[in-house]
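Examining the three-dimensional arrangement
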Amino acid sequence: MATFEMSKILYITEKVMTLEEKRAWIRLVVAVAAYGGYVVVVLGRAAGRPLAEAPYAAALLWSVGAAIVAAIVAEVVAGAVNPKASRAKDVRDREIGRLGDHVGQSFVTIGAVAAMLMAVAGWDRFWIANVIYLCFALSAVLGNVTKVIVYRGSFPQW
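Below or above, wherever it landed, is the structure these notes cover. (Residues numbered from 1 in each chain as written. Predicted model: local features only at pLDDT ≥ 70, side-chain atom pairs only at ≥ 80, totals over all residues. Heavy atoms only, no water.)

Helix and strand counts for the chain stand at five helices and zero strands. Counted from the first residue to the last, the chain has its helices and strands arranged as α-α-α-α-α. Out of the 158 residues belonging to the chain, those deemed buried represent 32%. For the chain, the share of sequence-separated contacts (at least 6 apart) that also reach a separation of at least 24 residues comes to 77%. Accessible area for the chain stands at about 10,200 Å²; split by element, carbon and sulfur atoms hold 70% of it. (Helix = DSSP H or I, 4+ residues; strand = E, 2+ residues; numbered from the N terminus. Buried < 20%, exposed > 50% of the residue type's maximum accessible area, 1.4 Å probe, protein only. Contact = heavy atoms within 4.5 Å. Areas by Shrake-Rupley, 256 points an atom, 1.4 Å probe, with all protein chains shown as cover.)

The structure is reproduced here in structure tokens:
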């Protein structure tokens with residue numbers, strides 16, 4: 001009995017990951033990797049000078065573009081690995097997607113308001129661009145974490 005309970009906790013039982021859950025995992029990993037890579041590149045380019053003087057635009061654009069391409073390629077590979085997996089979304093998938101999107105979109109709004117206030121206050125473009133990118137990354141991370149948690153647990157009933 002204890003072995004069954006432990007396997008239930010660790011999801012070792014026959015729990016199959018849906019295509020939508022795989023997509024959430026892929027997007028989560030890609031968002032963390034892309035933003036982390038961007039931060040490392042920009043910090044490396046600062047090289048002792050003020051951070052706002054570091055060249056960031058190309059790194060920002062490349063990391064966003066690479067994240068988009070990486071997510072698409074990974075999702076295609078995930079679909080090709082199991083071509084018989086259903087691509088149909090059921091009601092649960094749509095509700096989980098909606099919940100994750102709502103959680104994530106809150107950070108897009110926060111980033112937009114913060115960037116607007118920073119622009120009005122006359123802040124440097126570096127900080128405005130970076131707060132927007134940070135909030136986009138947080139949106140992707142938190143939205144997809146929400147989806148994974150709900151897929152691994154149960155959908156809340158209100």
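Looking now at the packing of aromatic side chains. One pass over the structure, following the stated rule, counts five aromatic pairs. Consider the rings of tyrosine 35 and tyrosine 38, whose centres lie 6.1 Å apart with planes at 40°: the pair is tilted. Taken together, the residues span about one helical turn, with tyrosine 35 and tyrosine 38 both in helix H2 (residues 19-46) at a distance of three residues. An identical accessibility class is assigned to tyrosine 35 and tyrosine 38; each is buried. Taken together, Tyr35, Tyr38 and Tyr133 form an aromatic cluster joined through their ring pairs. (Phe/Tyr/Trp six-rings, centres within 6.5 Å; stacked < 30°, edge-to-face > 60°.)

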